[in-house]
Amino acid sequence: MNETLSYVNPGPDSPWTTYLSQVDRVLPYLGPLARWAETLRRPKRALVVDVPIELDDGRVAHFEGFRVQHNLSRGPGKGGVRYHPDVTLEEVMALAAWMSIKNAAVNLPYGGAKGGIRVDPKQLSTKELEKLTRRYTSEIGIIIGPMQDIPAPDVNTNAQVMAWMMDTYSMNVGATATGVVTGKPIHLGGSLGRVKATGRGVFVTGREAARRIGLNLDGARVAVQGFGNVGSSAAELFVQAGSRIVAIQDHSGTIVNEHGFDFAELMPHVRATGGVAGFKGGDAAPAESFWDVKCEVLIPAALEGQINADRANRITAKLVLEGANGPTLPVADDILGDRGVLVVPDVICNAGGVTVSYFEWVQDFSSFFWTEDEINVRLDKIMVGALKTIWDTADRHGVSLRTATFAVACERILMARQERGLYP
Ligand code: GLU
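What comes next concerns the included structure. (Residues numbered from 1 in each chain as written. Predicted model: local features only at pLDDT ≥ 70, side-chain atom pairs only at ≥ 80, totals over all residues. Heavy atoms only, no water.)

Considerations on the packing of helix H1 (residues 15-26) against helix H13 (residues 401-420)
- It is at 9 Å that the axes of H1 and H13 come closest, and there the two elements cross at 75 degrees. As far as their axial angle goes, H13 and H1 are roughly perpendicular. Between H1 and H13, the residues in contact are Tyr19, Gln22, Val23, Arg25 and Val26 and Arg402, Thr403, Phe406, Ala407 and Cys410, respectively.
- Tallied by class, the residues present in the contact of H1 with H13 amount to six nonpolar, two polar and two charged. (Axes fitted to C-alpha atoms, helices over the stretch in contact; angles between N-to-C directions. Helix = DSSP H or I, 4+ residues; strand = E, 2+ residues; numbered from the N terminus. Parallel < 35°, antiparallel > 145°, perpendicular 65-115°, else oblique. Contact = heavy atoms within 4.5 Å. Nonpolar A, V, L, I, M, F, W, Y, C, P; charged D, E, K, R; others polar.)

Let's talk about the site of the ligand
- Around the ligand sit 14 residues, and of these Lys78, Lys102, Pro153, Asp154 and Ser357 come closest.
- At 2.9 Å, a backbone N or O of Pro153 approaches a nitrogen atom of the ligand.
- For the ligand, a nitrogen atom lies 2.8 Å from a polar atom in the side chain of Asp154.
- Protein chains shield 96% of the accessible area of the ligand, which is 290 Å² for the free molecule.
- Residue contributions to the shell around the ligand peak at three residues, all from helix H11 (residues 352-366).
- For the shell around the ligand, the class distribution of residues is four nonpolar, five polar and five charged. (Near = heavy atom within 4 Å. Polar contact = N/O pair within 3.5 Å; in protein donor to acceptor, adjacent residues only side chain to side chain. Areas by Shrake-Rupley, 256 points an atom, 1.4 Å probe, with all protein chains shown as cover.)

Quick word on the side chain of Ser191
- For Ser191, the location among the structural elements is in the loop between helix H4 (159-173) and helix H5 (194-213).
- Side chain to side chain, Ser191 and Gln363 meet in a polar contact 3.0 Å long.
- Excluding residues that lie within four positions of it along the chain, Ser191 makes contacts with Ile186, Val356, Glu360, Gln363 and Ile375.

Quick look at the pairing of strand E4 (residues 81-84)
- Alternating positions in E4 separate into two faces, Val81 and Tyr83 on one and Arg82 and His84 on the other, with burial throughout.
- Relative to strand E5 (residues 112-118), E4 runs parallel, the two being bridged by four bridges. Of the residues in E5, the one forming a bridge with Arg82 is Gly116.
- The parallel pair E4 and E5, bridged by helix H2 (residues 89-105), forms a crossover whose chirality is right-handed. (Buried < 20%, exposed > 50% of the residue type's maximum accessible area, 1.4 Å probe, protein only. Pairing = 2+ DSSP bridges. Right-handed = clockwise from strand over helix to strand, strands pointing away.)

Here we look at the pairing of E5
- Of all seven residues in E5, six are buried, a share of seventy percent or more.
- Inspection of the sheet shows strand E2 (residues 60-71) paired to E5 by six bridges, in the antiparallel sense. Pairing of Arg67 across the sheet is with Gly115, part of E5.

Considerations on the state of the cysteines
- The tally for this structure, following the rule as stated, stands at zero disulfides.
- For the unlinked cysteine Cys349, the closest cysteine sulfur is that of Cys295, found at 14 Å. (Disulfide = S-S within 2.5 Å.)

Focus on the packing of H2 against H13
- For the pair H2 and H13, the least separation of the axes is 8 Å and the interaxial angle reads 90 degrees. One way to sum up the angle between H2 and H13 is to call them roughly perpendicular. Contacts between H2 and H13 involve Trp98, Ser100, Ile101, Ala104 and Ala105 from the first element and Thr405, Phe406, Ala409, Cys410, Arg412 and Ile413 from the second.
- Grouping the amino acids of the contact of H2 with H13 by side-chain chemistry returns eight nonpolar, two polar and one charged.

Some words on the sheet that holds strand E7 (residues 221-225)
- An order of E10-E9-E8-E7-E11-E12-E13 is seen for the seven strands of this open sheet, with the pairing classed as mixed. What marks the edges here is a single partner per strand, and that holds for strand E10 (283-284) and strand E13 (342-344).
- Looking at chain direction, strand E9 (residues 253-256) and E10 are connected through two bridges and run antiparallel. Note that in E10 the partner of Ile255 across the bridge is Ala284.

Remarks on the sheet that holds E2
- A sheet is described by the order of its strands in space; here four strands give the open sequence E1-E2-E5-E4, paired in mixed fashion. A strand with exactly one partner marks an edge of an open sheet, and here the two such strands are strand E1 (45-54) and E4. Pairwise comparison of adjacent strand axes, ignoring direction, gives a mean angle of 20 degrees for this sheet.

A short note on the pattern of salt bridges
- Taken as a whole and assessed by the stated rule, the structure comprises 29 salt bridges.
- For Asp334, the salt bridge goes to Arg25, with nearest N and O atoms at 2.8 Å. Of this pair, Asp334 sits in helix H9 (residues 330-338) while Arg25 sits in helix H1, and the two are 309 residues apart along the sequence.
- Classification of Arg25 as partly exposed rests on a relative accessible area of 32%.
- With a shortest N-O distance of 2.7 Å, Lys184 and Asp364 are connected by a salt bridge. Placement of Lys184 in the loop between H4 and H5 and of Asp364 in helix H11 is noted, with a sequence separation of 180 residues between them.
- Its relative accessible area of 4% is what places Lys184 among the buried residues.
- Through salt bridges with shared partners, a single network forms among Arg82, Glu91, Lys114, Asp154 and Glu304. (Salt bridge = Lys/Arg side-chain N within 4 Å of Asp/Glu carboxyl O.)

Right, dumping it as structure tokens:
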């Protein structure tokens, strides 16, 4: 059996290496289904596309685009598209694989997929961004579709990007296909509550985990890394629950305030300047000191690989809520576990976004739209139920919440694989 793939060469801290080691840890709990486990260690389909666009100054620029469908046993591919200068095939493979686990963990009828373009979108004008998005959509159009694979927002993509994707796909197939992407603007078939759904899910799983370990969120100190859609929405809900946000780190800098930031002042500053740096209601701090900040709850909501061994030894939080995908390296996971820090893993913690994406897709198919209250109540119920199943599994096997989430999800994926059987 081939254990390694010839088309990538991931280093030790690569997200794909992290994902493979997470799979290794679940193998003892899969029973006879372990026969099918190799399927988890390779993407079903990986598409690499050239994305050429004419820049505003007349030059032609080429970008690398990817769409990976990791597993489609349980349904169409589902997962976001990110625009970032560090995007690579192996990163997108890992992100697609985590979508397979995440979607199965909350029992959505989806496989896992992810896309990305290796680009710094801040260097492009709006017109250039639109051209990039449209050409990319057209290139991956051969494998996406409402019943094939449904993209959504991720790092540096938003409702406007989804509107361009929806329009491009619809023009190419000659029919309005709202269900081809989720995270769309509301008047184009988007869902109420989608923008804040990932942050809401982080809060809901955090609230449940805090209750179980006897941590009172009222007055708890919270540190947040990444203050985009996920970090800011989650932080706001923690503030509403009485917590204090004592440290925030984003691409612009790190700010601290042991008394907690005033959100009514912070949010307009972030909207106006694009980041937390320079906010008068807190003090600037050196980037690395973020990991030493005294707090009860830590929310990594930025990129992969942020919590390494050194940082894991310094974190003071009792509870780590992974808003980002893949923020903790396996070695750091072990250190946190040994130190008694509870980690609610990405594959359940940030599943609120894709759960409301699923609601959006269902609403698009039925052309019947739900109220925001209905969305939030259903989201809460799904997240609480999924976390309970995972917690019971963790208790039964005596494993971490991450391994338990993988156990629940991989069993569902591999059961579908087995029942469908090998074709031909
Ligand atoms: N990008 C989000 C995630 O990583 C959402 C994906 C989706 O809604 O399909 O879960």
